Amino acid sequence: MNYVHVDIEVSQSSKRDKQPCGDVVKYFRTPNCTTIIISDGMGSGIKANIAATMCIARLEELVKSGFTLRQAFSNLVKTMEEARNNELPYAVFTIARILSDGLVTVLTYEMPPVFTLSKHHSMVLENRSMMIEKGVVKESDFKIQPGDALVFLSDGIEQAGLGKGYIHGWGDEGIQRFIDDQLQNGAIYREIPELLRREAINKWKGRQEDDCTVVAAYFRPGKTINIFTGPPTNSDNDSKIVEEFFASPGLKIVCGATTAKIVARETGAELEMEENYTSNITPVNYYLDGTDLVTEGAVTLNQVYNVWDEDTSTLDKDNPVTDLYSLLSVVDRVNFFVGMAQNPANSDISFAQMGILNRSKIVKLLAEKLENDGKLVVIKYY
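Since we're looking at a predicted model, the values are computed, not measured.

Participant: For a negative patch on the surface, give the residues involved together with the corresponding values.
Facilitator: Taken together, the side chains of E270, E272, E275 and D289 present a region of like negative charge at the surface. Structurally, the position occupied by D289 is in the loop between β15 (285-288) and β16 (293-295).

Participant: Requested: an account of the pairing of strand β10 (residues 149-153), with residues and values cited.
Facilitator: For a regular strand, side-chain orientation follows a simple rule: the groups alternate between the two sheet faces. Burial analysis of β10 places five of its five residues in the buried class, the great majority of the element. On β10, burial covers both faces: A149, V151 and L153 on one face and L150 and F152 on the other are all buried. One ladder, built from three bridges, connects strand β6 (residues 115-117) with β10; its direction is antiparallel. Bridging from a neighbouring strand, T116 pairs with L150 of β10. Examined bridge by bridge, β10 and strand β11 (residues 212-221) share five bridges and lie antiparallel to one another. Following the sheet pairing, L150 is matched in β11 by A217.

Participant: Tell me what's going on with the nonpolar core, and back it up with residues and numbers.
Facilitator: Of all hydrophobic cores here, the largest spans 43 residues; its most connected members are F73, F93, I98, Y109 and F152. In this structure F152 touches I36, I38, T94, A96, V106, V114, T213, V214, V215 and A217, once residues within four positions along its chain are discounted. Judged by nonpolar contacts, the second largest core, of 23 residues, contains V304, V363, L366 and L370.

Participant: An account of helix α11 (residues 359-372) is requested, with residue identities and associated values reported.
Facilitator: Between its terminal C-alpha atoms α11 stretches 20 Å, which fits the 20 Å expected from 14 residues at 1.5 Å a residue. By the burial criterion, the buried members of α11 are R359, I362, V363, L366, A367, K369 and L370. With its buried residues spanning 160° around the axis, α11 presents them on a single face. On its buried face, α11 is in contact with β12 (224-229), β13 (251-255), α8 (298-307), α9 (320-330), β17 (333-338) and β18 (376-381). One or two residues past the end of α11 sits G374, with phi positive at roughly 85°.

Participant: Could you give me a rundown of the packing of α8 against α11, with the residues and numbers involved?
Facilitator: Between α8 and α11, the least distance of the axes is 10 Å, while the angle of their chain directions is 30°. If you check the angle between α8 and α11, you find them roughly parallel. Of the two elements, α8 crosses α11, and the hand of that crossing is left-handed. Counted together, A298, L301, N302, V304 and Y305 of α8 and R359, I362, V363, L365, L366 and K369 of α11 form the full contact between these two elements. Of the residues that constitute the contact of α8 with α11, the class distribution is eight nonpolar, one polar and two charged.

Participant: Break down α8 for me, citing the residues and quoting the values.
Facilitator: Across the ten residues of α8, seven count as buried, placing the element largely inside the fold. Within α8, burial applies to A298, T300, L301, N302, Q303, V304 and V307.

Participant: Tell me about the environment of L59, and please be specific about residues and values.
Facilitator: Within the secondary structure layout, L59 lies in helix α1 (residues 45-64). Sequence separation between L59 and N75 is 16 residues, and the spatial gap between their C-alpha atoms is 8.7 Å. Not counting chain neighbours up to four residues away, the residues in contact with L59 comprise I37, A72, F73, L76, F93 and I95.

Participant: Lay out the pairing of strand β4 (residues 91-99) with the relevant residues and their values.
Facilitator: In terms of residue burial, β4 counts as a mostly covered element, since seven of its nine residues are buried. Looking at chain direction, strand β3 (residues 33-41) and β4 are connected through nine bridges and run antiparallel. Pairing of I38 across the sheet is with T94, part of β4. When β4 meets strand β5 (residues 103-109), the two strands line up antiparallel, connected through six bridges. For I95, the partnering residue across the bridge sits in β5 and is L107. The turn linking β4 back onto β5 is made up of three residues, and G102 within it adopts a positive phi angle of 95°.

Quick notes on the rules
Residues numbered from 1 in each chain as written. Predicted model: local features only at pLDDT ≥ 70, side-chain atom pairs only at ≥ 80, totals over all residues. Heavy atoms only, no water. Patch = residues over 30% accessible without salt bridge, like charges linked within 9 Å, V, L, I, M, F, W, Y side chains within 5 Å. Areas by Shrake-Rupley, 256 points an atom, 1.4 Å probe, with all protein chains shown as cover. Salt bridge = Lys/Arg side-chain N within 4 Å of Asp/Glu carboxyl O. Lys, Arg positive; Asp, Glu negative; His and termini not counted. Charge placed at Lys NZ, Arg CZ, Asp CG, Glu CD. Helix = DSSP H or I, 4+ residues; strand = E, 2+ residues; numbered from the N terminus. Buried < 20%, exposed > 50% of the residue type's maximum accessible area, 1.4 Å probe, protein only. Pairing = 2+ DSSP bridges. Core = buried A, V, L, I, M, F, W, Y, C linked by side-chain atoms within 4.5 Å. Contact = heavy atoms within 4.5 Å. Expected span 1.5 Å × (residues − 1). Arc of directions from axis to C-beta. Axes fitted to C-alpha atoms, helices over the stretch in contact; angles between N-to-C directions. Parallel < 35°, antiparallel > 145°, perpendicular 65-115°, else oblique. Left-handed = near helix turned anticlockwise from the far one by under 90°. Nonpolar A, V, L, I, M, F, W, Y, C, P; charged D, E, K, R; others polar.

These figures capture arrangement, not role.
Right, here's the structure in full:
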């Protein structure tokens, strides 16, 4: 199955300028799902921010340590109820898990409702209410379709205008009407959070009485790139790995001359090297039928890492570093197939002197850059 990506857009403002926001948002991706957590700490400012941050950290820890989503949620609700009763740092929260096939579970604890968005229409997500300790929790299970989105709010949005012309605040119906108007006027999903937040501030008559946060999660077909770099430790596995590499949906990139020779041998394709190569900086280009890009290995990966946060508009347009950077910057998922065989050339002291990290180190560092930009990175070692 092709990868399906969840784009996430956040718009947020604190109750008071130059104070930390009491709403905190965190999301993380795995090959199977995207998990989004929104927490609203009691009060505002530093105290609320700390409570919300601690809440999210605990929930993330439980989920990643093997608790089911519902177990982690229930565990934390009980903790928060105890904290509320004992005047300890307290926060409410929503957690949503979106599987790669579109199945969604949303669990909320004392938080505003969640909205679903289609192309021209929104609606409040249906849910089941229950009690955990004395806390009101709600659960929704449904399937989202590519092209649809979810919108999560903190109560600074739902209660906007409270006491300033709105008896009960802006409210769900008012928010839904506003979203529908924006969609019908041509707004796209990524614009909705900012539009909602600004309108909430207008309802507050220019002076926020609470922190305001809107999160949109948009479900769409994702773009994938596969990078095969480095020969496997056991050469007997060459054929199997090459087959797995080409069977993976998405673009096919080979980084490394030795790796390219393995692919050429196993596929029967002819490997060609760029003629009239003269650069002392840019790695040489290779050409191999059946692949989208073939480059040098550790040198190219190091150079892409080095320029990732720079102004890349000044890069040469026709070189493998620019080509690989451009592809990585527009995809949503990156699969690394990393061979761990020792390469004597990369062990040369001159590589260390030039600051060129070996393949295993640079792949991990590059993965961090990609993940910080919201991409899913999957690394397999061979």
